[in-house]
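One-letter residues, chain by chain:
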Amino acid sequence: MRRSEERFRLLVENAPEYAIFMLDPNGRVSTWNGGAQRIKGSTAEEIIGKHFSIFYPQDAKEGGWTDHELQVATEEGRFVDTGWRVRKDGTTFWAHVIITALRDARAAHAVQRNLGWTQVLLRGESPKGPEAGLGLGLALCKQLVEQHGGSIRAASQGEDKGATFSVVLPVSIAQLQEEGTPRIRSRRRLASSSLRKSGRHAPPTIREGKPSPFLAVPTGTSMSTISNRVLRSLRERAPGAGLTRDFYTDAEIFALDLEEIFYQDWLFVAHSTELPDAGSYLTLQVGEYPIVLTRTADGVVRAFINSCRHRGARVCPEAAGKAAKLVCPYHQWTYNLDGRLFAARQMGPGFDRSQLGLKPVCCETVAGYIFVCLAAEAPDFGPTRRQLEPYLLPHRLSEARVAFRSTLIEEGNWKLVWENNRECYHCAANHPELARTFSDRPTVTSVSGAEDDPLIAEHWRRCESAALASQFQLSPDGQMRTARMPLVGPAVSYTLTGHAAVKRPLSDSIPSNLNIGALLLFHYPTTWNHGLADHAVSFRVLPLGPTRTELTTKWLVHRNAVEGVDYDLNELTQVWLATNEQDRRIVREIQIGMSCPAYEPGPLSNVTEGGVKQFIDWYCTRLEQRLSPDALRKVC
């Protein structure tokens, strides 16, 4: 045995006041010292291989506290806690605990993989005090580094007292068990589970100071570690610069995006014309939520969680269809189009089907667009309706028809997809087909200066003289923008010639002799749109993972326009199919470059990237509002 290994073994074994042990990546005990046996009452043979949660009271385990401790230790490098622990004989004792993450220094991944944790536990109010435990925890980690190589990364407060440090070890991943990273719980789920069970009013956090009951509320309002980290990053962002790389690569921030934006905001999901008749239905997936849209007999579009109330199977596994009733293929539970449970066979006497309808999702339609919101209490849809209706209604999209739809997977974070869309700095060099008709003038593509552009001002005057809402309008919260902009020169449509792609105009409400250009409309976080005189194009963004995004594009034409007679499908779709594919390659390259640990966001152009800045500002403001102490109090 090497001398350093012997010193490490002696240090651990000759610390009877401390329970010192290590956990594998699955949270199971892998080493056990004499102090742990004395304090907890279990021998190494009895305890190695068991999950460390057996040392915790039942309410802590049910509330997910053990997962939370490992989450914090993984994110911050170390977790400090005080609370009750359980001995082998079932009795409890008060303890100070330090958990330190061990990482792989040779991992090829952008985020170093977790090798496990080392845990130091002091029984009760040790005369040495909790800070001695911190010192010993650091001493153990120094021995690990000396034994295996690697490094200790410490915060600025000083190594031995109060510092946050993590240990990086050059251990081969192949020599370890398969990684089993604990499930990262969102702030809201933590609040609704462990806090409800414990009767507390704020999520757990690292607690120091006087002993208090398990899951006690610390001074002030606390948040989960991931929320704190994100808030700190948002507030430290350099003005005029983009977001740091973790916002485009980090799985926990992606989960936060889902929880705080996609599960809370109104999302564009489909066009009402895609549900033409009673019984028509569509399905989609938003994060963890499968959704089904239906049109009921009274013509109303409704949305539900696409999960049977019996055993959870998707009631409608197909992308679209038509049915008089919705029948789950698993056990044939049958639902009316309004979500009520109609029949459930062989459930026995006393079964009350009135309580087991499909769970509804908030749903609104406006001018042919369907929006849903997964929040229990959806934001007021009124502002969205009031802004979109005047611009969209003249196009009569609720009476149109989807002529073609395309779905592709972009290998980039959903925010990268949006940022790429929000500027045309790259258009001339990357989008030759689009550049023939779509202007890359900053006053067209950005969110400022349009009113001072004579060309745009004259375009608005002409359109508004025909009662078409046209002037630039950005909602007060920055979530949606509407404006009617001129195309390049005499172009009237997105074709290589600039001529109309569809002979039959999209709407009889728009004068046929008026070049209305394109209605440019976005609504974060799911849609941007182009409304022309002959057709309209909608884009829907849905996140699939930290570095994967689904983009669905739909071309809408007059419902009576006939393919091959009124339009050529290739001419109709050619420009945006080419542009989407070009953007797919661009986003992939950006994601690869941004994933590099050396990446730092550069300054945004004041001339051409105002739209990017506006999107990032909206995103940062949205998260800050929902992660703020006041918002957290409402959640809890």
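The structure reproduced in this document is the subject of the present report. Numbering of residues begins from 1 in every chain and follows the order in which that chain's sequence is written. For this predicted model, a pLDDT threshold of at least 70 governs which residues receive local features, and a threshold of 80 or more governs which side-chain atom pairs are given and counted, while totals over whole chains, interfaces and linings are taken from all residues. Where side-chain values are given, they derive from all heavy atoms of the structure, hydrogens and water being excluded.

1. Description of the state of the cysteines
- Defined by distance alone, a disulfide is two cysteine sulfur atoms within 2.5 Å. Applying the stated criterion to the full structure yields one disulfide.
- Through a disulfide, C424 is tied to C427; the S-S separation comes to 1.8 Å. When the S-S torsion is -105 degrees, as for the bridge of C424 with C427, the disulfide is left-handed. Taken individually, C424 and C427 each receive the classification buried, so the pair is uniform in this respect.
- With no disulfide of its own, C316 has C328 as its nearest cysteine by sulfur position, at a separation of 9.1 Å.
- Think of it in three bands: with a 1.4 Å probe and only protein chains considered, a residue is buried below 20% of the maximum accessible area for its type, exposed above 50%, and partly exposed in between. For C316, a relative accessible area of 3% translates into the label buried.

2. Quick look at the sheet that holds strand β9 (residues 289-295)
- Here seven strands make up an open sheet; going across it, the order is β7-β16-β15-β10-β9-β8-β11 and the pairing antiparallel. Two strands in the sheet have a free side with no partner beyond their single neighbour: β7 (267-271) and β11 (320-322). When strand polarity is set aside, the average angle formed by the axes of neighbouring strands in this sheet is 30 degrees.
- Across six bridges, strand β8 (residues 280-286) lies against β9 in antiparallel orientation. Counted as the bridge partner of Y281 is T294 from β9.
- The contact criterion used is simple: two residues touch if any of their non-hydrogen atoms lie within 4.5 Å. Angles shown run from 0 to 180 degrees and are taken between the N-to-C directions of axes, each axis being a line fitted to C-alpha atoms and, for helices, limited to the stretch in contact. Here a strand is any run of E in DSSP of at least two residues, a helix any run of H or I of at least four, and the numbering for each starts at the N terminus. Most of the contacts of helix α11 (residues 382-392) go to strand β15 (residues 360-366), to which it runs at about 40 degrees, and overall it touches β15 and β16 (369-373). Pairs of strands are assigned from DSSP output, requiring at least two bridges between the strands.

3. Digging into empty space enclosed by the protein
- Lining residues are those with an atom within 4 Å of a point, where the points come from a 1 Å grid over the protein atoms alone and group into cavities, where a 1.4 Å probe fits but cannot get out, or pockets, open sets with protein on both sides within 12 Å along at least five of seven lines. Grid points are joined across faces, edges and corners, and a volume is the space filled by probe spheres set on the points. Scanning all chains against the criterion turns up three cavities of 30 Å³ or more.
- The computed volume of the largest cavity comes to approximately 320 Å³.
- Around the largest cavity, the lining is made up of 28 residues, and of these N421, F438, W528, H530 and W576 lie nearest the centre.
- Counting residues per element, the ones that place at least two in the lining of the largest cavity are α12 (414-421), α15 (442-445), β20 (518-523), β21 (527-531) and α17 (569-594).
- Of all the elements, α17 adds the most residues to the lining of the largest cavity, at five residues.
- When grouped by side-chain class, the residues that make up the lining of the largest cavity number 14 nonpolar, nine polar and five charged.
- Sorting the residues of the lining of the second largest cavity by element identifies β20, β21 and β22 (536-545) as the ones contributing at least two each.
- Residue contributions to the lining of the second largest cavity peak at three residues, all from β21. Amino acids outside the nonpolar list (Ala, Val, Leu, Ile, Met, Phe, Trp, Tyr, Cys, Pro) and the charged list (Asp, Glu, Lys, Arg) are all regarded as polar, and Gly is one of them.

4. Let's talk about the sheet that holds strand β17 (residues 400-410)
- Strand order in this open sheet of seven strands is β17-β23-β22-β21-β20-β19-β18, and the pairing throughout is antiparallel. In this open sheet, the two strands that pair with only one neighbour each are β17 and β18 (473-474).
- Across six bridges, the pairing between strand β19 (residues 480-485) and β20 is antiparallel. Residue pairing for β20: M480 is matched across the bridge by H523.
- Against the sheet, α17 contacts β17, β21, β22 and β23 (548-558), and its axis sits at roughly 20 degrees relative to β17.

5. What about the pairing of β19?
- Along β19, six of the six residues are buried, which leaves the element largely enclosed by surrounding structure.
- Because side chains alternate across β19, one face comprises the buried residues M480, T482 and R484, and the other comprises R481, A483 and M485, equally buried.
- Where β18 meets β19, two bridges bridge the pair, whose relative direction is antiparallel. Following the sheet pairing, L474 is matched in β19 by R481.
- Remark: five residues form the turn of the hairpin made by β18 and β19, two consecutive strands paired antiparallel; G478 in that turn has positive phi of roughly 80 degrees.

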